Structure formats: structure tokens, C-alpha cells
Amino acid sequence: MNRQTVTHPQNKNTNRIVAGVCIAFFGGMIGMAYAAVPLYAMFCQATGYGGTVKRATQQYADRVLDRDITIRFDANTAGVPWQFEPVARSVTIKIGETAQAHYSATNKFVRATTARATFNVQPEFAGSYFNKVECFCFTDTTLKPGETLDMPVVFYVDPDIVNAPELKDLNTITLSYTMFPVEKNEKKKPVVLSVPAEGTSNKVSHTERSLGG
């Protein structure tokens, strides 16, 4: 005598629920993976973690201390055929004072190229106290052959830095930028270094371009 297996409707509903939960969990894990990088970047900018400069919510500190601090400026390129450098290597300001520095970028390639800057500060603990008001970081910038762009940075050092035990004797902070290539085509190939463009560079003021904060 053959026995037939009877599948109860309740078991079918249970299987559907389990399958639905598994699909939702799998989809959630994928979503978290895609969101991890931008969320981490937002976290670093909000807290200054890992030497990432903190985004300022106001243009000025609530007070200026009678204490000097020197800000050094560093510039690097990673696969970008640009001459990228700070106009001044350092500046000494009062803690809490809003200051402006300038970087200069010149495209040495024979065609237009696009780059994007990332940044951090050293020592890393100072990142949560270094507030940028205006910056060209994380903004795609395109330069024509031989074109030069003035790139300003407006910042201040939070006076609360003097209350941090690990930074109480700090008198120098280094702000470092690195330019990375950005390709507009689908293949996302890095810019290939070539011979410099001929002719003199064309100076372009930062007021002629939209700079990100």
C-alpha cells in the first residue's frame, strides 16, 4: 500500500515566510555593503576619525585663543598628470582664527583631465578639531591642457583642542591633499602620463568654478 505525503497549508505558509525572511536578509546585506563606504566617509567627516578633517557647521569658532599653531600644507598626486602644490608651505595662526590657504593645480597633459582630491590631517587625533569651512575636496575638477586653477581652503582649529590631553602640547598640524584621476567613460581607466602640453598655462580664478565644501 502506497502512502501519500500530505502537505498542510500551514507548512506551506511557514516555508514562504522563511524564504521571504532569507531574501530580505540577503538583500539587506547587499545594501549594507554598498552603503558601507559612503557611510564610513560621512562618519569620518563628522567626527574627524582617522585624520579626516571635520566639516564645519559654522564659519567661525566661538572664541580665539592667544595661542599660535602652525598649519603645514602637503600636496600629492596619484596617477594624475598635474602639477599640484600649495602656494605657501605653512601658515601660523591663532587657535580659533579662521584662515584661508591656496593650492595650485596645473594640467600637464595634452588633453583635458579630471581629478578629485581627498584629504586628511596629521596627527590623526587633530582631525576632529580641524574644521574646514570651504574646500575643493571630493569635487570633480576638470582642467584643459596647460590650464591652472587656484584652489582655496578656508579653515579654523577648534579651541577645544587645548582640552584634549593627547594634543595639549601640539603646535603643528599638517593638512594633506591627494589628487586622484576621475574618468568620465565607462571603463574608468586611469589617466596615462604623457608629455606636458605645450604653451603657457592659462590662470583661472577659483571664482569661475564651483568648488565643493
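This structure is a prediction, so every number in the text was calculated from the model and none was measured.

Conventions we followed
- Residues numbered from 1 in each chain as written.
- Predicted model: local features only at pLDDT ≥ 70, side-chain atom pairs only at ≥ 80, totals over all residues.
- Heavy atoms only, no water.
- Helix = DSSP H or I, 4+ residues; strand = E, 2+ residues; numbered from the N terminus.
- Buried < 20%, exposed > 50% of the residue type's maximum accessible area, 1.4 Å probe, protein only.
- Contact = heavy atoms within 4.5 Å.
- Areas by Shrake-Rupley, 256 points an atom, 1.4 Å probe, with all protein chains shown as cover.
- Pairing = 2+ DSSP bridges.
- Axes fitted to C-alpha atoms, helices over the stretch in contact; angles between N-to-C directions.
- Phe/Tyr/Trp six-rings, centres within 6.5 Å; stacked < 30°, edge-to-face > 60°.
- pLDDT = per-residue confidence, 0-100.
- Salt bridge = Lys/Arg side-chain N within 4 Å of Asp/Glu carboxyl O.
- Core = buried A, V, L, I, M, F, W, Y, C linked by side-chain atoms within 4.5 Å.

Trainee: Even after reading the chapter, I still don't get the overall build of the protein, so can you show me in this structure?
Mentor: Counting its regular elements, the protein contains one helix and eleven strands. Tracing the protein from N to C terminus, the helices and strands come up as α-β-β-β-β-β-β-β-β-β-β-β. Evaluated residue by residue, the protein yields a buried proportion of 36% over its 213 residues. Sequence-distant contacts in the protein: of pairs separated by 6 or more residues, those separated by 24 or more amount to 79%. With an accessible surface of roughly 13100 Å², the protein has 55% of that area assigned to carbon and sulfur atoms.

Trainee: Can you help me understand the sheet that holds strand β4 (residues 90–94) in this one?
Mentor: Two strands in a sheet stick together by hydrogen bonds in their backbones, pointing the same way (parallel) or opposite ways (antiparallel). Taking strand neighbours across the sheet as the criterion, the five strands line up as β4-β2-β10-β6-β8 in an open arrangement whose pairing is mixed. Two strands close off the open sheet at either side, each with one partner strand: β4 and β8 (141–143). For this sheet, the mean inter-axis angle between neighbouring strands, taken without regard to orientation, is 30°. For strand β6 (residues 113–122) and strand β10 (residues 172–181), the ladder comprises eight bridges, and the chain directions are antiparallel. Note that in β10 the partner of N120 across the bridge is S176.

Trainee: Just checking my understanding: could you explain the environment of E124 for this structure?
Mentor: Tracing the backbone shows E124 in the loop between β6 and β7 (130–134). Sequence separation of E124 and I173 is 49 residues, and the distance between their C-alpha atoms is 9.4 Å.

Trainee: Is there a simple way to explain the packing of aromatic side chains in this structure?
Mentor: Tallying each qualifying case throughout the model produces ten aromatic pairs. Taking the centre distance of 5.0 Å and the plane angle of 70° together, the rings of Y103 and Y177 count as edge-to-face. Here Y103 is found in strand β5 (residues 99–107), whereas its partner Y177 is found in strand β10, with 74 residues between them in sequence. The class for Y103 is buried, based on a relative accessible area of 0%. Cluster of aromatic residues (ring-pair linked, three or more members): F73, F84, Y103, F119, F130, F136, F138, F155 and Y177.

Trainee: Which parts of the structure should I look at to understand the confidence of the model for the protein?
Mentor: Low pLDDT marks stretches whose predicted atomic positions should not be read closely. Within the protein, residue pLDDT values average 76, and 59% of them lie at 70 or more. Segment residues 29–52: pLDDT under 50, and 22 contacts once partners within four positions in sequence are set aside and those in other chains are kept. pLDDT under 50 marks residues 186–213. Its contacts with residues more than four places away, or in other chains, come to 61 contacts.

Trainee: Would you take a moment to explain the pattern of salt bridges for this structure?
Mentor: The final tally for this structure, using the stated rule, is five salt bridges. For D62, the salt bridge is made with R63, and the minimal N-O distance between the two is 3.0 Å. Classification of R63 as partly exposed rests on a relative accessible area of 33%. A salt bridge links D66 to K94; its shortest N-O distance comes to 3.2 Å. With a gap of 28 residues between them, D66 in the loop between β1 (54–55) and β2 (68–77) and K94 in strand β4 connect regions that are remote in the sequence. Residue class for K94 comes out partly exposed when judged on its relative accessible area of 28%. Within this structure, D62, R63 and D160 form a network of salt bridges that share partners.

Trainee: Any chance you could explain the pairing of β6 here in plain terms?
Mentor: The side chains of a regular strand alternate, first on one face of the sheet and then on the other. Of the strand pairs in this sheet, β6 and β8 are connected by three bridges, and their pairing is antiparallel. Residue pairing across strands places A115 opposite T141, the latter belonging to β8.

Trainee: Which parts of the structure should I look at to understand the nonpolar core?
Mentor: For soluble globular proteins, the rule of thumb is that nonpolar side chains tend to be buried together. Counting 37 residues, the largest nonpolar core has Y103, I173 and Y177 as the members making the most contacts within it. When residues of this core are traced back to their parent elements, those giving at least two are β2, β3 (82–86), β5, β6, β9 (147–157) and β10. It is β9 that contributes the most residues to this core, five residues altogether. Every residue in contact with Y177, bar those within four places of it in the chain, is listed here: D74, A75, N76, F84, Y103, A117, T118, F119, C135, F136, C137 and V153.

Trainee: Please clarify how unusual backbone geometry should be interpreted in this entry.
Mentor: Across the junction of Q122 and P123, the peptide omega takes the value 0°, indicating a cis bond. Looking at where P123 falls in the secondary structure, it is placed in the loop between β6 and β7. Although it is not a glycine, F138 sits at a positive phi angle of roughly 60°.

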